[in-house]
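The primary structure of each chain is shown beneath.
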Amino acid sequence: MKYDLVVIGAGIQGAGVAQAAAAAGYSVLVLEQSFPAAGTSSKSSKLIHGGLRYLETSQFGLVRESLHERALLLKLAPDLVKLKPLHIPVYEDSKRNSLTIRSGLSLYSLLSGLDSNARFKSLPSSQWDSLEGLKQDGLKSVFRYYEAQTDDAALTRAVLHSAMELGAECEMPGHFVSAHVNSHSCIVEFESEFGFKTASCRVLVNCAGPWASDIISRIEPDMYLPKVDLVQGSHLVLPPLLNNYFYLEAPQDKRAVFVLPWQGKLLVGTTEKIHYGTPEQAQCSAEERDYLLEVLSHYFPALEVDANQVGSFAGLRVLPRSEKSAFSRTREVLFEVDNEARPRLISVMGGKLTTYRTTALMALEKVKLSLPVKERIADTSRIPLSPVDWL
Ligand SMILES: Cc1cc2nc3c(=O)[nH]c(=O)nc-3n(C[C@H](O)[C@H](O)[C@H](O)COP(=O)(O)OP(=O)(O)OC[C@H]3O[C@@H](n4cnc5c(N)ncnc54)[C@H](O)[C@@H]3O)c2cc1C
């Protein structure tokens, strides 16, 4: 079996690279050890968003790109990506005061190119008590703006399905075992339902998310990967106690926490905790659960949460290792290419669900010197995406 690209992992990044590569006319094989979105891509906050809080860390390029992709996905995938109003309450003791929030939302709107979906308003105080028991004590203003919400796993399946419609092949289960990289090609060994198989490719794409370092350790000769941290983000899954969407400032440490109705449940998240175990061991700790419940009870003092009805899930962010807190580290995607002049291996780590399409285009651009000239068969910015059940 010979391919232009073999992609390891069918999370959103692997699915996105497969779609972009197949659309560009390349032959592609995707290896996924379990099922699409088995890793982080089913454990996100499920927002297709510009990332309002990234303005604080001056990640303007990421916000602009994300807002552009949000607008595109609202058009391409209307059954998967839907606009929702989020509320930001500002109190006397909030770290970010009304002026800061107003300025942030104005800049957000500007970075969107004044898209009508980036409009915002300050709610009149007469409407504050309609917000389902939101704490009124010390409340100074409530802003309403819009973000889009998705089903992250369903979106990943739809992108993978689109890749396969464009000709990509997928081995699932297809567990990557090892690869040997030389100046002409990569020989890849993987385990499928029917035993061990071998494929060769011009470029190997490592989209294994939190397993990226494990993949690199299985490649010969030794390959470099920058040091990264796996940072766990947990969400609580509660009964549908609220109908409105909130973007809150955690009283404990002033981090942003979302409260989001989703598919008949209420999601509350997220946390940031360095994870030292294997990716499979990620799970919401008692400490994270207490932290999130405390945020909820701080803002909704009358809300009664039955401890027996608190579910959770935990995902792992792949962030560059640094002394900075996880909250202030860049959310830009990380690319690592083995050889700029003759790339045979690229690792794509972290990034956003929202920007999977532009991430895929950037990844292809970085390895194009090793790929043949092919005739493009489609443009991913024009391919509609619909929910699929069959994967
Ligand atoms: C808590 C949290 C909240 C987030 N919220 C948002 C959000 O609201 N909006 C947003 O835009 N972004 C969000 N993100 C970011 C986004 O979810 C991730 O960047 C994205 O899902 C990463 O996808 P991935 O494909 O790189 O990794 P993954 O989804 O983890 O995919 C890796 C895949 O590789 C497979 N794999 C591993 N090893 C092998 C092997 N040996 N052989 C074959 N397959 C293998 C795994 O099974 C897995 O399916 C969030 C991230 C976290 C952690």
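Residues numbered from 1 in each chain as written. Predicted model: local features only at pLDDT ≥ 70, side-chain atom pairs only at ≥ 80, totals over all residues. Heavy atoms only, no water.

S.K.: Can you help me understand the packing of aromatic side chains in this one?
M.R.: Centre-to-centre distance and the angle between the planes together describe a pair of aromatic rings. Counting across every chain of the model gives six aromatic pairs. Aromatic pair Phe-246 and Phe-300: ring centres 5.0 Å apart, planes at 65°, arrangement edge-to-face. Of this pair, Phe-246 sits in strand β13 (residues 245-249) while Phe-300 is found in the loop between α6 (286-299) and β17 (311-320), placing the two residues 54 residues apart along the sequence. Take Phe-246: its relative accessible area is 0%, and that puts it in the buried class. Given the relative accessible area of 1%, Phe-300 is considered buried. With a centroid separation of 4.8 Å and an interplanar angle of 40°, the aromatic rings of Tyr-247 and Phe-258 are classed as tilted. (Phe/Tyr/Trp six-rings, centres within 6.5 Å; stacked < 30°, edge-to-face > 60°. Helix = DSSP H or I, 4+ residues; strand = E, 2+ residues; numbered from the N terminus. Buried < 20%, exposed > 50% of the residue type's maximum accessible area, 1.4 Å probe, protein only.)

S.K.: I tried to follow the packing of helix α1 (residues 12-23) against helix α4 (residues 152-165) on my own but got confused; where do I start?
M.R.: Angle between the axes and distance between the axes are the two parameters that describe a pair of packed helices. For the pair α1 and α4, the least separation of the axes is 8 Å and the interaxial angle reads 25°. In terms of orientation, α1 lies roughly parallel with respect to α4. α1 and α4 meet at a crossing whose hand is left-handed. Residues Ile-12, Ala-15, Gly-16, Ala-18, Gln-19 and Ala-22 of α1 lie in contact with α4, whose contacting residues are Leu-155, Thr-156, Val-159, Leu-160, Ser-162 and Ala-163. When grouped by side-chain class, the residues that make up the contact of α1 with α4 number eight nonpolar, four polar and no charged. (Axes fitted to C-alpha atoms, helices over the stretch in contact; angles between N-to-C directions. Parallel < 35°, antiparallel > 145°, perpendicular 65-115°, else oblique. Left-handed = near helix turned anticlockwise from the far one by under 90°. Contact = heavy atoms within 4.5 Å. Nonpolar A, V, L, I, M, F, W, Y, C, P; charged D, E, K, R; others polar.)

S.K.: Would you mind going over the pattern of salt bridges with me for this structure?
M.R.: For side chains bearing opposite charge, pairing can occur when the charged atoms are close. Summed over all chains, the structure comprises 15 salt bridges. A salt bridge links Lys-46 to Asp-152, with the nearest nitrogen and oxygen atoms 3.0 Å apart. Remark: Asp-152 occurs in helix α4 and Lys-46 occurs in the loop between β2 (28-31) and β3 (47-48); sequence separation between them is 106 residues. When its relative accessible area of 2% is taken as the criterion, Lys-46 is described as buried. Between Lys-197 and Glu-171 there is a salt bridge, with its nearest N and O atoms 2.9 Å apart. Here Lys-197, found in strand β10 (residues 195-206), pairs with Glu-171, found in strand β7 (residues 169-171); they are 26 residues apart in sequence, far enough to count as distant. The exposure class assigned to Lys-197 is partly exposed, which follows from its relative accessible area of 25%. Exposure remark for Glu-171: the relative accessible area of 15% places this residue in the buried category. Residues participating in the shared-partner salt-bridge network are Glu-56, Arg-96, Glu-249 and Lys-254. (Salt bridge = Lys/Arg side-chain N within 4 Å of Asp/Glu carboxyl O.)

S.K.: Would you explain the state of the cysteines in this entry?
M.R.: This structure, assessed with the given rule, holds zero disulfides. The structure places no disulfide on Cys-207, whose sulfur is separated from the nearest cysteine sulfur, that of Cys-201, by 13 Å. (Disulfide = S-S within 2.5 Å.)

S.K.: Teacher, can you tell me more about the nonpolar core here?
M.R.: Proteins that are soluble and globular tend to have nonpolar side chains buried together. Counting residues in each nonpolar core, the largest one holds 43 residues, and the members touching the most others are Leu-5, Val-28, Leu-80, Val-81, Val-205, Ile-346 and Leu-385. Elements that contribute at least two residues to this core include exactly β1 (2-8), α1, β2, α2 (60-76), α4, β10, β19 (345-349) and α7 (356-367). Apart from the residues within four sequence positions on either side, Val-28 is in contact with Tyr-3, Leu-5, Val-7, Ala-18, Ala-21, Ala-22, Ala-168 and Glu-169. Counting 30 residues, the second largest nonpolar core, distinct from the first, contains Leu-31, Cys-201, Ile-219 and Val-318. (Core = buried A, V, L, I, M, F, W, Y, C linked by side-chain atoms within 4.5 Å.)

S.K.: For this particular structure, what's the right way to read unusual backbone geometry?
M.R.: Excluding glycine, residues mostly have negative phi values, and the peptide bonds linking residues are mostly trans. Going from Met-172 to Pro-173, the amide bond is cis rather than trans, its omega being 5°. Note that Pro-173 resides in the loop between β7 and β8 (174-181). Thr-270 follows Gly-269 through a cis peptide bond whose omega is 20°. Despite not being glycine, Ser-58 shows a phi value in the positive range, around 55°.

S.K.: Which parts of the structure should I look at to understand the site of the ligand?
M.R.: As a matter of local geometry, the ligand sits amid 39 residues, with Glu-32, Ser-41, Leu-47, Gly-351 and Thr-354 nearest to it. Within the contact set of the ligand, a nitrogen atom lies 3.0 Å away from a backbone nitrogen or oxygen of Ser-45. Phe-176 has a polar backbone atom sitting 2.9 Å from a nitrogen atom of the ligand. Notes on the ligand: free accessible area 1,000 Å², of which the protein chains cover 97%. Contributing elements (two or more residues each) for the shell around the ligand: α1, β8, β12 (228-238) and β17. (Near = heavy atom within 4 Å. Polar contact = N/O pair within 3.5 Å; in protein donor to acceptor, adjacent residues only side chain to side chain. Areas by Shrake-Rupley, 256 points an atom, 1.4 Å probe, with all protein chains shown as cover.)

S.K.: Quick question: what am I supposed to make of the packing of α1 against α7 here?
M.R.: Packing of α1 against α7 leaves a shortest axis separation of 8 Å and a crossing angle of 60°. Classified by the interaxial angle, the pair formed by α1 and α7 is oblique. For the element pair α1 and α7, the recorded crossing hand is right-handed. Listed contacts from α7 to Ile-12, Gln-13, Gly-16, Val-17, Gln-19, Ala-20 and Ala-21 of α1 are Tyr-356, Thr-359, Ala-360, Leu-361, Ala-363 and Leu-364. By residue class, the composition of the contact of α1 with α7 is nine nonpolar, four polar and no charged.

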